[in-house]
Amino acid sequence: MSRYNVAVVGASGVVGETLLSLLNERSFPVDQVYAIGSARSAGDLVAYAKRSLEINDIETFDWSLVDIAFFSAGSQVSKQWVPQATAAGCVCIDNTSAFRDDPEVPLVIPEVNVSALSHYATKRIVANPNCSTIQMLVALKPIHDRYGIQRIDVSTYQSVSGAGKEGINALSQQCVQMLQGKPADNFCFDHPIAFNLLPKIDEYVEDGYTREEMKMVWESQKILEAPDLEVNATAVRVPVFFGHSESIYIETEKPMELADVQTLLAGAPGVQLLSDEYPMPVPHGSGRDDVYVGRLRRDRYHQHGLNLWVVADNVRKGAALNSLQIAECLIEKGLK
């Protein structure tokens, strides 16, 4: 088996640390692993396979050393350095929004549209979708294939780890302060998140939706190759450390049978259907790889309507694991 030199950009972040852990857990065919970060974090150590890696400065790193690079350090970092990495012969799997809307860059969820990887060589970039889009489409793809989905109404309940370590620290610190009767220090989010809900993630766009909500629209249409698919999203930040939850309502093109939908989901790759209980961020959305689905209910008034409750670990399946699965698929198809 061929072995590959791998770079993890943003190695000291939540997603980067998880990627390093998964490389070892999944026995990815690694030769050398390079941890990459900013000049500020260069020289720091991160854990990998029972040892420590020193973080390399991205400003001076030699990309010709690497076969595959995972980028999880923000869209501006990706926009600056991904083109340099690909020019040096590296294949880049980008976990930011930098290239998701580029028509020449495949936007891939392996359980949903792995065939899109056939186009990766055009720019040697594969984009990882938004975490909320990933778990939603893993759950909906088998239903879409059988019945056709024409509309999705979704409300997300997104954990603070979606905002990285700063989000985790904000919730932890604010909970302690408020339980001690002190005012919460407000940082990371627009308002304190402890014991609160914030129905705004990312910036507003012109029609009152946020970019986080519109990502779910644009990405779903691209991934499913359904430009007319109606997606109506509301994204909410909640005081949960790990695990995004989604309340999803769909309308299908054909009348559906609930028993058949349950059978489809029970056999779908990457899906765990819960019939006797409902999925929750703890335990189902923390440290687990699958997308958990429960609370299936037919619309009482519409034979084409269905409600689902979907939970997944946003750092693992929503980011690190999906990126690594993309790399595994590229290797299986013959990485060039």
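Preceding this section is the structure that the text describes.
Because the structure is a prediction, the values reported are computed rather than measured. (Residues numbered from 1 in each chain as written. Predicted model: local features only at pLDDT ≥ 70, side-chain atom pairs only at ≥ 80, totals over all residues. Heavy atoms only, no water.)

**What about the overall build of the protein?**
Reasoning step 1: Along its length, the protein carries nine helices and 13 strands.
Reasoning step 2: Expected size for 336 residues packed as a compact globule is a radius of gyration near 20 Å; at 20 Å, the protein falls within 12% of this value.
Reasoning step 3: Buried residues in the protein amount to 54% of all 336 residues.
Reasoning step 4: Accessible surface, the protein as shown: approximately 15,000 Å² in total, 47% of it carbon and sulfur.
Reasoning step 5: Positive and negative charge centroids in the protein, built from 29 and 42 side chains respectively, lie 3 Å apart. (Helix = DSSP H or I, 4+ residues; strand = E, 2+ residues; numbered from the N terminus. Rg over C-alpha atoms; globule rule 2.2 N^0.38 Å. Buried < 20%, exposed > 50% of the residue type's maximum accessible area, 1.4 Å probe, protein only. Areas by Shrake-Rupley, 256 points an atom, 1.4 Å probe, with all protein chains shown as cover. Lys, Arg positive; Asp, Glu negative; His and termini not counted. Charge placed at Lys NZ, Arg CZ, Asp CG, Glu CD.)

**A few points about the sheet that holds strand 4 (residues 51-57)**
Reasoning step 1: If you trace the seven strands from one edge of the open sheet to the other, you get 3-4-2-1-5-6-7, paired in mixed fashion. Of all the strands in the sheet, the pair left with one neighbour each is strand 3 (45-48) and strand 7 (125-127). The mean inter-strand angle of the sheet, taken between neighbouring strand axes irrespective of direction, is 30°.
Reasoning step 2: With respect to the sheet, helix 2 (residues 75-87) is in contact with strand 1 (4-9), strand 5 (68-71), strand 6 (91-94) and strand 7, its orientation differing from that of strand 6 by roughly 160°. (Pairing = 2+ DSSP bridges. Axes fitted to C-alpha atoms, helices over the stretch in contact; angles between N-to-C directions. Contact = heavy atoms within 4.5 Å.)

**Quick word on the environment of Phe71**
Reasoning step 1: In this structure, Phe71 sits in strand 5.
Reasoning step 2: In the structure, Phe71 is positioned 46 residues away from Leu117 in sequence and 17 Å away in space, judged by C-alpha atoms.
Reasoning step 3: Every residue in contact with Phe71, bar those within four places of it in the chain, is listed here: Val9, Trp63, Ser78, Trp81, Val82, Ala85, Cys92, Ile93, Asp94, Asn95 and Thr96.

**Remarks on the packing of aromatic side chains**
Reasoning step 1: Summed over all chains, the structure comprises four aromatic pairs.
Reasoning step 2: Note on Trp63 and Phe71: the rings are 5.6 Å apart at their centroids and 25° apart in plane angle, and the pair reads as stacked.
Reasoning step 3: Under the relative-accessibility criterion, Trp63 is labelled buried at 4%.
Reasoning step 4: Ring centres of Tyr157 and Trp309 lie 5.7 Å apart, and the angle between their planes is 40°; on these two criteria the pair is classed as tilted. Taken together, the positions of Tyr157 in strand 8 (residues 149-158) and Trp309 in strand 13 (residues 305-312) put the pair 152 residues apart, joining distant regions of the chain.
Reasoning step 5: Taken together, the ring pairs connect Tyr34, Phe61, Trp63 and Phe71 into an aromatic cluster. (Phe/Tyr/Trp six-rings, centres within 6.5 Å; stacked < 30°, edge-to-face > 60°.)

**Things to note about the sheet that holds strand 8**
Reasoning step 1: With mixed pairing, the six strands of this open sheet are ordered in space as 9-8-10-13-12-11. Edge positions in the open sheet fall to strand 9 (230-237) and strand 11 (271-273), since each of these has one partner strand only. Strand-to-strand, the axes of this sheet are offset by a mean angle of 20°, without reference to chain direction.
Reasoning step 2: Lying over the sheet, helix 6 (residues 211-223) contacts strand 8, strand 9 and strand 10 (244-252), oriented at roughly 145° with respect to strand 9.

**Remarks on the side chain of His304**
Reasoning step 1: Looking at the element boundaries, His304 is found in the loop between strand 12 (291-298) and strand 13.
Reasoning step 2: A residue is classified by how much of its surface remains accessible, and His304, at 15% relative accessible area, is buried.
Reasoning step 3: A polar contact of 2.8 Å, which involves the side chain of His304, links it to the backbone oxygen of Thr252.
Reasoning step 4: Filtering out sequence-adjacent residues up to four positions away, His304 remains in contact with Ile250, Glu251, Thr252, Glu253, Lys254, Pro255 and Met256. (Polar contact = N/O pair within 3.5 Å; in protein donor to acceptor, adjacent residues only side chain to side chain.)

**Things to note about the pairing of strand 3**
Looking along a regular strand, one sees side chains alternate from face to face of the sheet.
Reasoning step 1: Here strand 3 shows a clear split, with Val46 and Tyr48 buried on one side and none of Leu45 and Ala47 buried on the other.
Reasoning step 2: When strand 3 meets strand 4, the two strands line up antiparallel, connected through four bridges. Residue pairing for strand 4: Leu45 is matched across the bridge by Glu54.

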